[in-house]
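Listed below, chain by chain, are the residues.
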Amino acid sequence: MIITILYYVLIGFIAGLILWNLFKTRKWQDELLYVIILMPFILRLLRLK
């Protein structure tokens, strides 16, 4: 149970870092790359895998 909670906290933290970089960047190519990278993390947080 605690490992599952830590896993979701870690996934949320990494997704937050990716979101931070997404809003910080100015180039549309980098924004697209961050969105593509972010999708699996959001799906894991929603438990959809």
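Here we summarise the structure given alongside this text. What you see is a predicted model, and the numbers here were worked out from it, not measured in a lab.

**As for the overall build of the chain**
Line of reasoning, step 1. Looking only at helices and strands, the chain has 2 helices and 0 strands in total.
Line of reasoning, step 2. Principal-axis analysis of the C-alpha atoms gives the chain an extent of 40 × 20 × 10 Å.
Line of reasoning, step 3. In the chain, buried positions account for 14% of the 49 residues.
Line of reasoning, step 4. Element-wise, carbon and sulfur atoms account for 73% of the exposed surface of the chain, whose accessible area totals about 4,300 Å².

**Some points on a nonpolar patch on the surface**
Line of reasoning, step 1. On the surface, a nonpolar cluster with roughly 510 Å² of combined accessible area is contributed by V35, M39, I42, L43, L46 and L48.
Line of reasoning, step 2. Note that L48 resides in the segment after α2 (28–45).

Rules behind the numbers
Residues numbered from 1 in each chain as written. Predicted model: local features only at pLDDT ≥ 70, side-chain atom pairs only at ≥ 80, totals over all residues. Heavy atoms only, no water. Helix = DSSP H or I, 4+ residues; strand = E, 2+ residues; numbered from the N terminus. Buried < 20%, exposed > 50% of the residue type's maximum accessible area, 1.4 Å probe, protein only. Areas by Shrake-Rupley, 256 points an atom, 1.4 Å probe, with all protein chains shown as cover. Patch = residues over 30% accessible without salt bridge, like charges linked within 9 Å, V, L, I, M, F, W, Y side chains within 5 Å. Salt bridge = Lys/Arg side-chain N within 4 Å of Asp/Glu carboxyl O.

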